[in-house]
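# Descriptive analysis of the structure
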Amino acid sequence: MALPRPAGRTKKNVQSLQQLSTQVVATSLDKYTSLGVLPLEVVALILNRTLTLGLLTPHSFKLFLETGHHEIREVFEKLEARETHIPVLPTRCGQR
């Protein structure tokens, strides 16, 4: 016998553990040093969520590329995304 659902609460309102985990990782990618141990399906979900939230940074871009999954590399090629190199300008430490 199934328990009745509370009024106003449908299955659509409840997020799965996978959705919640993907959200947490996507919003805190700056804390990770590698995603290489994750399977392609999980990395793809995290990448999709990261792009949806607009949180792709040079650090997270590098994390995704370093996973070794060629499918992820193909996604970035189709998006024409490239690594950015921040120029370092020389500074003067004294009079010339």
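Just so it is clear, the structure is predicted and the values come from calculations on it, not from any experiment.

About the cut-offs
- Residues numbered from 1 in each chain as written.
- Predicted model: local features only at pLDDT ≥ 70, side-chain atom pairs only at ≥ 80, totals over all residues.
- Heavy atoms only, no water.
- Helix = DSSP H or I, 4+ residues; strand = E, 2+ residues; numbered from the N terminus.
- Buried < 20%, exposed > 50% of the residue type's maximum accessible area, 1.4 Å probe, protein only.
- Core = buried A, V, L, I, M, F, W, Y, C linked by side-chain atoms within 4.5 Å.
- Contact = heavy atoms within 4.5 Å.
- Axes fitted to C-alpha atoms, helices over the stretch in contact; angles between N-to-C directions.
- Parallel < 35°, antiparallel > 145°, perpendicular 65-115°, else oblique.
- Left-handed = near helix turned anticlockwise from the far one by under 90°.
- Nonpolar A, V, L, I, M, F, W, Y, C, P; charged D, E, K, R; others polar.
- Phe/Tyr/Trp six-rings, centres within 6.5 Å; stacked < 30°, edge-to-face > 60°.

## Observations regarding the environment of G68
Note on placement: G68 falls in the loop between helix 3 (58–65) and helix 4 (70–78). You can call G68 exposed: its relative accessible area is 63%. Along the backbone, G68 and L40 are 28 residues apart, and their C-alpha atoms lie at a distance of 9.3 Å.

## Concerning the nonpolar core
With 12 residues, the main nonpolar core is built from V25, L29, L35, V43, I46, L47, F61, L63, F64, L65, I72 and F76. Sorting the residues of this core by element identifies helix 2 (40–53), helix 3 and helix 4 as the ones contributing at least two each. With 4 residues, helix 3 is the single largest residue contributor to this core. Every residue in contact with F61, bar those within four places of it in the chain, is listed here: L56, F76, A81, R82 and E83.

## Some thoughts on the packing of helix 1 (residues 17–27) against helix 2
A pair of packed helices is captured by two measures, namely the crossing angle of their axes and the spacing between those axes. Taken N-terminus to C-terminus, the directions of helix 1 and helix 2 make an angle of 60 degrees; their axes are 9 Å apart at the nearest point. The pairing of helix 1 with helix 2 is recorded here as oblique in orientation. Seen along the crossing, helix 1 lies across helix 2 with a hand that is right-handed. Note on element contacts: helix 2 touches helix 1 through L45, I46, R49, T50 and L53, opposite Q18, T22, Q23, V25, A26 and T27. Its residues assigned to classes, the contact of helix 1 with helix 2 shows 5 nonpolar, 5 polar and 1 charged.

## Side note on the packing of helix 3 against helix 4
With their axes 9 Å apart at the nearest point, helix 3 and helix 4 run at an angle of 135 degrees to one another. The angle between helix 3 and helix 4 falls in the class oblique. For the pair helix 3 and helix 4, contact is made by F61, F64 and L65 and by I72, R73 and F76, respectively. Tallied by class, the residues present in the contact of helix 3 with helix 4 amount to 5 nonpolar, no polar and 1 charged.

## Digging into the side chain of H69
Checked against the element boundaries, H69 lands in the loop between helix 3 and helix 4. Its relative accessible area of 19% is what places H69 among the buried residues. With residues up to four places along the chain from it excluded, the contact list for H69 reads L38, P39, L40 and V43.

## Observations regarding unusual backbone geometry
The backbone of E80 sits at a positive phi, close to 55 degrees, despite the residue not being glycine. Secondary-structure assignment places E80 in the segment after helix 4.

## A word on the packing of aromatic side chains
Inspection of every chain in the model, using the stated rule, returns 2 aromatic pairs. With a centroid separation of 6.4 Å and an interplanar angle of 55 degrees, the aromatic rings of F64 and F76 are classed as tilted. Highlighted residues: F64 in helix 3 and F76 in helix 4, separated in sequence by 12 residues. Side by side, F64 and F76 carry an identical accessibility label, which is buried. Clustering of aromatic rings is evident, with ring pairs tying together F61, F64 and F76.

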